[in-house]
Amino acid sequence: MSEWIRVCPLEEIPRLGSRVVQTEKCDVAVFRNGSDEVFALKDKCPHKGGPLSQGIVFDRRVTCPLHGWTVQLDSGEAVAPDCGCTHRYRARVDKGEVYLNLF
Amino acid sequence: MATMNKTRLVVIGNGMAGIRTLEELLKLAPDLYDITVFGAEPHGNYNRILLSPVLAGEMTIKDIMLNDVDWYAQNGITLHLNKTVMQIDRVRRKVIADDGTEADYDRLLLATGSNPFMLPVPGKDLPGVISYRDIKDTDEMIEAASRYRHAVVIGGGLLGLEAANGLKLRGMGVTVVHLMPWLMERQLDRTAAGLLQKSLEAKGLKFLLEKQTEELVKGESGRVCAIKLKPALSNVEGDGETIPSDLVVMAVGIRPNTELAEAAGLHCNRGVVVNDTMQTYDPRIYAVGECVSHRGIAYGLVAPLFEQAKVCANHLAQLGISRFTGSATSTKLKVTGIDLFSAGAFTGVEGAEEIVLSDPAGGVYKKLVIKDDKIVGSVLYGDTADGSWYFQLLRDGQNIRELRGRLMSGQSHLGNSGHQGQNNAASMPDDMEVCGCNGVCKGTIVKAIKNNGLFTLNDVRKHTKASASCGSCTGLVEQILASTVGGAYQPADVSRKPLCGCTDYTHEEIRKAIIERKLKSIPEAMGFFEWRNVNGCASCRPALNYYLLCAWPHDYQDDPQSRFINERAHANIQKDGTYSVVPRIYGGVTTPAQLKRIAEVAEKYAVPTVKVTGGQRIDLLGVKKEDLPKVWADLDMPSGFAYGKSIRTVKTCVGSEWCRFGVQDSTRMGIALEQALDRMWAPHKVKLAVSGCPRNCAEATIKDVGIVGVDSGWEIYVAGNGGIKAEVSLFLVKVKSAEEVMEYSSAFIQLYREEARYLDRTVHWVQRVGMDYVKKRIVDDAAGRRAIYERLKDALRDEKDPWQERVHGAAAQEFAPIRFQSKNFVLT
Ligand code: SRM
Ligand SMILES: Cc1cc2nc3c(=O)[nH]c(=O)nc-3n(C[C@H](O)[C@H](O)[C@H](O)COP(=O)(O)OP(=O)(O)OC[C@H]3O[C@@H](n4cnc5c(N)ncnc54)[C@H](O)[C@@H]3O)c2cc1C
Ligand code: SF4
Ligand code: FES
């Protein structure tokens, strides 16, 4: 059995933007891309832990604000030639509400 | 295996230009074609340039592979190695190889390179007589060096000297026979060639100049055993002599390889003739590389060939927008320990003048050939630090009158910070740090260039991060690149700079269209220019956002998601994810009340660091994002825009109000300017300073706009920079009144806002367009100046203070995190 958290209505996440969800584990960045897909990553860049939630979102990617690494939203993998990976959580939209699964 | 529905592209020639074209094509249109490649050599595509270091024993064949056979497989390319195409049937649109292999094409790409020219002398076909073109030749030389003692290289050009040097290093006695009076006569003038010859002789090479080969003599073994020279061109001793040699390398030039094309009836004229889109006279057939003749020129260095490849790929991908218009070339001799650079023309240019720095004892020689205030040629020996700078000036045809005084001393890194003042890569040890931001050493860079086959500054930045941050070590990285890949390195063409990887259009083209086509949103602009990637990237979106904002100050709807976080949050993000708050303190003049308030806020929000900035104001560092609106509310001060590509500070000194030397009220002037320019966005940050007298305590001469009070009025300086690369500002004009200061400074800044590229500081823009141009627009043309000034005032008319807007609830979501509470649990 998996536990899904209701995060917020989709429109409360800006398109090509993100919101930070503070959990007791860690901060999770929930992204919304240009085609209204949602993704969730641990809010720590694989490079030096920069807050990915603050980056610029395009396609299925986000560019970290600190030193410009680009991270794949659907896998958490850094885009080559950089390499590294940040934890990815499951996220989905259901009837206009965004849900997040931390397990 | 040809899939019928795809268009078929066949490439003849598995070499550097052909395969580079494929790489560019795959980037643009990965699945457009079903691709087949024929290569006469039994290898994948390798870096021919690096055959020299291979011969010299500095690298192995493995090191210089650019695309191994796996690469072709991974990209679904059918590869026919060891097969020479013998015929092109243009009617049936197929090519036929020597072993009978056939391939049908819809598009054909000729990249057959060139053939070494063999002197038509008796004995030229003897065993042991070879050219220097490919892996086979290189292996044969290495093999010969292990068995024989004497080698002769015919031809004292780039290739010949690299061959001679390699053979010498492999233990052979080497004599270079050259027809001309001095070495590399096509690239060097006599003096530089003299220096070069000296240092090569020091390495043990022998030279016979102004000598012509009569015959290659056959030994008992049937192999060549000696070379016989023609008697007396001039009666230098040793004429008509015979020199023993068990290996003869002919490096006397190359001829575009066009037999195949000619046989197929394609128009050739010292190369397969192509137009600016790299198309031959048969519209289905394209050609790139050394086999090509473009506007009467056949290039023999890779840099221009790579440009051809890019253009050709663009048209094969059916984008049809770019053109190859020819390009200047530069060369660098790849002989370890010898630093030699040459570009453009340098002998016999009509009406040209020369600047020469000659220090034969110190082994340094620099010559710049200048015509009509433009550099048309340069030769550097011993110290090539500024090679790429000169080459850039040459290629962009920049007017150098303003620079003239500084040209010889070199731009390289005057005033650069971040790498121990080093400015000559050649003299740096491998373990020395080049990039201070990312801690990258020289050795790491060289290794990355060789192992990954990198050719451009961008590639090096991607792979090593060197010079990818503040960029101050760019000059060094360029040098390392140049000396590793030789003339193959060419600094990016700054005169035509695509906005980013998402498009081939330039900043200028895009700004123009935004206005002419009335494009008023980022999607509209991307749509109009057929952007390559969905919603662009982190480079182009902020640029477009600015261009639109600048073009339509009142009706453009700013896009926060296309702004870098600092500008979205109106505070500077710190490495721990907290933010810094820098309120505006006009002209650096504050009050006790203001200071009290700042102090209270700092205490109330337990701000870890309170710092006086270099911009004469106060920085509260370490504020939590969610606290920002509250902090701004309590501060009740305007935003200092310390986070923006925008007006930053106007630094002032106390000036005439207090200072015993002051002749002008710099403080008042500064405050007035800062108020007038408040909330102004720009291509990059804009900093001003006003000093009350020429002692210049406000450091006005390293600012984007610097004002210096003098007894009779004000001097206005522009395009200074105190950061990554210190640049002293240039004198614009002297004026009498404060009103004039306001008008001239504002007009200059608005011109910069309207015409500079995003992320240009004023200095970069002015260096590109030239100070003459700026003076013409801002000083000479009074009506124009006023009009520009009015446009700035109008643009700033209804800009609101971003902090106050947010204090009153704007963009609330940006600052509010979502707290995870068990109540939003739902079971599924
Ligand atoms: C706070 C301050 C250092 C200080 O404690 O004094 C500072 C801090 C930063 N500077 Fe600076 N610069 C500060 C004065 C300067 C100065 C001196 C000046 O302005 O008189 C310079 C040299 C003058 C100049 O710019 O020409 C300066 C040249 C730079 C540069 C190099 C700019 C260039 O074109 O060479 C950068 C990097 C960039 O902007 O790309 C930079 C970037 C930065 C950033 C924004 C790095 C970043 O993107 O996070 C730092 C933000 C720290 C923060 O959160 O506040 N800072 N920076 C100064 C703020 C001034 C202010 O009140 O607004
Ligand atoms: C030793 C050496 C050092 C060099 N150093 C430098 C340097 O420092 N800087 C620089 O800029 N340039 C340098 N060059 C020049 C550079 O290597 C060439 O300009 C570049 O390789 C030309 O690329 P290309 O694709 O036009 O020709 P190539 O790279 O020669 O490729 C052509 C290929 O096509 C194949 N081919 C020809 N005809 C057929 C056919 N009918 N069927 C099938 N295949 C065919 C050939 O076998 C060859 O593999 C150097 C060259 C050499 C040999
Ligand atoms: S404040 Fe400026 S100089 Fe200091 S570390 Fe940051 S960017 Fe570098
Ligand atoms: S922390 Fe993300 S790029 Fe450095």
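This section reports on the structure supplied with the text. (Residues numbered from 1 in each chain as written. Chains lettered and ligands numbered in written order. Predicted model: local features only at pLDDT ≥ 70, side-chain atom pairs only at ≥ 80, totals over all residues. Heavy atoms only, no water.)

## A few points about the overall build of chain B
To keep it simple, the criterion reads: Secondary structure elements follow DSSP: runs of H or I no shorter than four residues count as helices, runs of E no shorter than two count as strands, and numbering proceeds from the N terminus. Buried means the residue's accessible area, taken with a 1.4 Å probe over protein chains only, is under 20% of the maximum for its type, while exposed means over 50%, and partly exposed covers the values in between.
Scanning chain B from terminus to terminus reveals 26 helices and 40 strands. Here chain B holds 828 residues, and the buried ones make up 55% of them.

## Remarks on the site of ligand 2
Residue and element names in this part refer to chain B. Stated formally: We call a residue near a given molecule or strand whenever any one of its heavy atoms falls within 4 Å of it. Here a polar contact is taken to be a pair of N or O atoms separated by no more than 3.5 Å, where protein atoms must pair a possible hydrogen donor with a possible acceptor and residues adjacent in sequence count only if both atoms sit in side chains. To measure how exposed things are, a 1.4 Å probe is used in the Shrake-Rupley method; for residues, cover is taken only from the protein chains shown. All amino acids are sorted into three groups, where Ala, Val, Leu, Ile, Met, Phe, Trp, Tyr, Cys and Pro are nonpolar, Asp, Glu, Lys and Arg are charged, and the leftover types, Gly among them, are polar.
For ligand 2, the set of nearby residues contains 35 residues, the closest of which are Ala17, Glu41, Arg133, Glu290 and Lys334. Within the backbone of Met16, a nitrogen or oxygen atom sits 3.3 Å from an oxygen atom of ligand 2. Between ligand 2 and Val85 there is a distance of 3.0 Å, counted from a nitrogen atom to a backbone nitrogen or oxygen. The fraction of the free accessible surface of ligand 2 (990 Å²) that becomes covered by protein chains is 94%. Counting only elements with at least two residues in the shell around ligand 2, the list comes to α1 (16-28), β2 (33-39), α5 (158-169) and α8 (302-316). Looking at the shell around ligand 2 residue by residue, the class counts come to 15 nonpolar, 13 polar and seven charged.

## Side note on the environment of Ser666(B)
Residue and element names in this part refer to chain B. Rules: The contact criterion used throughout is that any non-hydrogen atoms of two residues lie within 4.5 Å.
Structurally, the position occupied by Ser666 is in helix α20 (residues 666-677). Considered as a pair, Ser666 and Gly709 are 43 residues apart in the sequence and their alpha carbons are 7.1 Å apart. With sequence-adjacent residues up to four places away left out, Ser666 is seen in contact with Thr652, Cys653, Val654, Gly655, Val690, Ser691, Gly692 and Trp714.

## Quick look at the state of the cysteines
Residues and elements named next belong to chain B. Our working definition: A pair of cysteine sulfur atoms is labelled a disulfide when the two atoms are within 2.5 Å.
Throughout the structure, instances matching the rule amount to zero disulfides over all chains. A disulfide-free cysteine, Cys693 has its sulfur positioned 5.9 Å from the sulfur of Cys659, the nearest such atom. Owing to a relative accessible area of 6%, Cys693 belongs among the buried residues under this scheme. Cys697 takes part in no disulfide bond, and the closest cysteine sulfur to it belongs to Cys653, at a distance of 5.8 Å.

## Considerations on the side chain of Ser245(B)
Along the chain, Ser245(B) falls in the loop between β17 (242-244) and β18 (247-250). Sequence-distant contacts of Ser245(B), defined by excluding residues within four places in its chain, comprise His150(B), Ala151(B), Val152(B), Val224(B), Cys225(B), Ala226(B) and Ile227(B).

## Observations concerning the sheet that holds strand β7 (residues 94-97) of chain B
Residues and elements named next belong to chain B. Stated formally: Pairs of strands are assigned from DSSP output, requiring at least two bridges between the strands. Axes, fitted as lines to C-alpha atoms, cover a helix only where it is in contact. Angles between the N-to-C directions of the axes lie from 0 to 180 degrees.
The sheet built from three strands is open, its strands ordered β6-β7-β8 with antiparallel pairing. Taken across any chain shown, the strands that pair with only one partner, and hence form the sheet edges, are β6 (85-89) and β8 (102-104). Averaged over neighbouring strand pairs, the angle between their axes works out to 15° when direction is ignored. Judged from the four bridges that link them, β6 and β7 form a sheet pairing that is antiparallel. Bridging across to β7, Asp89 finds its partner in Lys94.

## Here we look at the interface of chain A and chain B
The cut-off we apply is this: The buried area of a pairing is the accessible area, by a 1.4 Å probe, that goes missing from both parts when the two are put together, added over both. Just to be clear on terms, a salt bridge is a Lys or Arg side-chain nitrogen sitting within 4 Å of an Asp or Glu carboxyl oxygen.
Facing the 36 residues of chain A at the interface are 35 residues of chain B. Of the roughly 2,900 Å² buried where chain A meets chain B, counting both sides, 58% is carbon and sulfur surface. When residues of chain A are sorted by the area they lose upon contact with chain B, Gln22(A), Gln54(A) and Ile56(A) head the list and together hold 22% of the total. Between chain A and chain B we count one salt bridge in total. Applying the counting criterion to the chain A and chain B interface returns 11 residue pairs in polar contact (both at pLDDT 80 or more). Within the residue set of the side of chain A that touches chain B, elements represented by two or more residues are β1 (3-9), β2 (17-22) and β5 (56-58) of chain A. Top contributing element to the side of chain A that touches chain B by residue count: β1(A), with six residues. Split into classes, the residues belonging to the side of chain A that touches chain B amount to 18 nonpolar, eight polar and 10 charged. When β2(A) meets strand β39 (residues 818-819) of chain B, the two strands line up parallel, connected through two bridges.

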